[in-house]
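Examining the three-dimensional arrangement
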Amino acid sequence: MAAVNHILVVDDDGVVGALVSAMARSMGLHCIVTKDAANCHRLVTPDTAVILLDLVMPGMDGIEVLRLLGEKKCEARIVLMSGMDKRVIETAKKLARTLGLPVIGHLQKPFGIEDLQTALGVLSPTESASVPDETPMIEYDDGELLEAFEHSEFVNYYQPQVSLKNGEVTGVEVLSRWVHPKRGIILPDLFIGRCESMGLIDKLCWITVEMALDDVKHFRSSSSMYPRLSLNASVYTLRDLKFPDRFMALLVRHGFPAGRIVIEITETGLIRELARTLDVLTRLRMKAIQLSIDDFGAGYAMMQQLQNIPATELKVDMSLVQNMHASDSDRVMVEKTIEMGHELGMEVIAEGVMTHEQLMLLRAMGCDAAQGFLFSRPLPASELTKWLARKDKEIDKGDWPASLPAAMDSDPLH
Ligand code: C2E
Ligand code: CA
Ligand code: CA
């Protein structure tokens, strides 16, 4: 048996450390607290299940710690803590992802035991106690990732995107999953960063696209049109000057129209080697491929992106969508993003829609389309085909959007 898994708390505020420690104990979890950010990596062992990391600390701040943990190839899951604006936390989360670190959540200070329980929800009681050596939860080594490519362990899940005017499916977003032989389904946040740092991300991109172009042939709905395929492309892939031609050759081979492909771009890392990336993006656009700015509103450089990238779609970040009813500023951000997108001739899609209330507000704001658990979780190809058939019937009966549930739970496992 392995030693008891523990939580590591890195926070300069001793009160927070003591509080979390007490809360963790009451949840049956072992906890180590340190104020020494610069040396906290020394306390990370294979038994560290989760690191709770404060973002704002004197001396070395949380962002620098993330960089350090990234360099050390830390595999413990990370929960970010901060009293700062949610958007700062969101950006830090993205940064962590680009460093290959698995961030599983955040805690907005001040937080209570329920928030902590939610953030640590992935730590089942059995995981917090002794666990057998052969089943470390999501820790995997580089060799396993290489094997995943050799053994074709990646599959595509598809999440529908729905028109807010009539409920019709306008497209599907392709989301990668790793079906690990022992650990089951691993979500992309836990392997995309590592693929990037190991130089495997292009390979994953081509595997994903090939599978999507095969699967999409089964996705024709009653409108007899293929849904648009939205693909997430890493900034590393978008720096490859050969990418547009190779991509077009693939589309021709599959007989899939370039105008029904959307490439989703996140800003992280775009700024570096911008000229090269813009070269690729502009050529993709010239070949009729559509470009979407993903997670819009979550980062710093959004205005710059809008000016630079010849995008056709804006994707409103889910943190804004999910906070619209609680925060006036987030509601205004969503409203203005929709207006601005339309003025610039773009379509605007909202992601992370989980309640009827959010859907109705987005419709009232004139948002074009939406995606989220309210409509469907990401599904394997065969299940999406069935979902599309059911959906057609609802629309034919004029049941949409009344046929939707009021809200969906937020089980992150799909
Ligand atoms: P993303 O592009 O922002 O994708 C949306 C994420 O939100 C997906 O997580 C999706 O499952 C989740 N989601 C969708 N609707 C809801 C909702 O209503 N509520 C909540 N709470 N979540 C929702 P997923 O599949 O874990 O993907 C995470 C990220 O990994 C993606 O974020 C994307 O940036 C990246 N990714 C996924 N597949 C690929 C891929 O094939 N290549 C690359 N380069 N990145 C990928
Ligand atoms: Ca996306
Ligand atoms: Ca997104």
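Bear in mind the structure is a predicted one, so any value in this text is a computation, not a measurement.

Concerning the coordination of the calcium ion (ligand 2)
Each pair of donors in an ideal four-coordinate tetrahedral metal site encloses 109.5 degrees, whereas pairs in an ideal six-coordinate octahedral site enclose 90 or 180 degrees. Donor atoms from the polypeptide that coordinate the calcium ion (ligand 2) comprise E173 (OE), N232 (OD1), E264 (OE) and D294 (OD), at 2.1 to 2.3 Å from the metal. All donors to the calcium ion (ligand 2) come from one chain, and their sequence spacing reads E-x58-N-x31-E-x29-D. Taken as an interatomic distance, the gap from the calcium ion (ligand 2) to the calcium ion (ligand 3) is 4.1 Å; D294 donates to each of them. On the criterion of sequence distance, the pair formed by E173 in strand β7 (residues 169–180) and E264 in strand β10 (residues 261–265) is long-range, its members being 91 residues apart. Pair check on accessibility: E173 and E264 agree, each one buried.

So, the site of ligand 1
Ligand 1 sits among 24 residues. The nearest are Q159, R177, D294, M318 and F373. Between ligand 1 and Q159 there is a distance of 3.0 Å, counted from a nitrogen atom to a side-chain nitrogen or oxygen. Side-chain polar atom of D295 to an oxygen atom of ligand 1: 3.4 Å apart, as the coordinates give it. Here ligand 1 loses 87% of its free accessible area of 800 Å² to cover by the protein chains. Looking at the shell around ligand 1 element by element, the count peaks at four residues for β7. In the shell around ligand 1, the residues fall into eight nonpolar, nine polar and seven charged.

Observations concerning the environment of L80
Tracing the backbone through its elements, the reader meets L80 in strand β4 (residues 77–82). Among the residues examined, L80 registers a relative accessible area of 0% and is labelled buried. Between the C-alpha atom of L80 and that of L66, which follows or precedes it by 14 residues, the distance is 9.9 Å. When near neighbours in sequence (up to four residues on either side) are disregarded, L80 contacts L53, L55, L66, I89, A92, K93, V103, G105, H106 and L107.

Looking at the sheet that holds β4
Judged by pairing direction, the sheet is parallel, and its five strands sit side by side in the order β2-β1-β3-β4-β5 without closing on themselves. Looking along the sheet, the strands with just one partner apiece sit at the ends: β2 (30–34) and β5 (103–108). Taken over all neighbouring pairs, the strand axes of this sheet differ in orientation by 20 degrees on average, direction set aside. Taken together, the five bridges between strand β3 (residues 48–54) and β4 define a ladder with parallel strand orientation. Its bridge partner being in β4, L52 is matched across the sheet by V79. In the packing of helix α1 (residues 14–26) onto the sheet, contacts are made with β1 (6–10), β2, β3 and β4, and the angle to β2 comes to roughly 175 degrees. Strands in contact with helix α3 (residues 86–98) are β4 and β5; relative to β5, the strand with the most contacts, it is inclined by about 160 degrees.

Rules used throughout
- Residues numbered from 1 in each chain as written.
- Chains lettered and ligands numbered in written order.
- Predicted model: local features only at pLDDT ≥ 70, side-chain atom pairs only at ≥ 80, totals over all residues.
- Heavy atoms only, no water.
- Donors = N, O, S within 2.8 Å, 3.2 Å for Na, K, Ca; no water.
- Helix = DSSP H or I, 4+ residues; strand = E, 2+ residues; numbered from the N terminus.
- Buried < 20%, exposed > 50% of the residue type's maximum accessible area, 1.4 Å probe, protein only.
- Near = heavy atom within 4 Å.
- Polar contact = N/O pair within 3.5 Å; in protein donor to acceptor, adjacent residues only side chain to side chain.
- Areas by Shrake-Rupley, 256 points an atom, 1.4 Å probe, with all protein chains shown as cover.
- Nonpolar A, V, L, I, M, F, W, Y, C, P; charged D, E, K, R; others polar.
- Contact = heavy atoms within 4.5 Å.
- Pairing = 2+ DSSP bridges.
- Axes fitted to C-alpha atoms, helices over the stretch in contact; angles between N-to-C directions.

In short, shape yes, function no, at least from these values alone.
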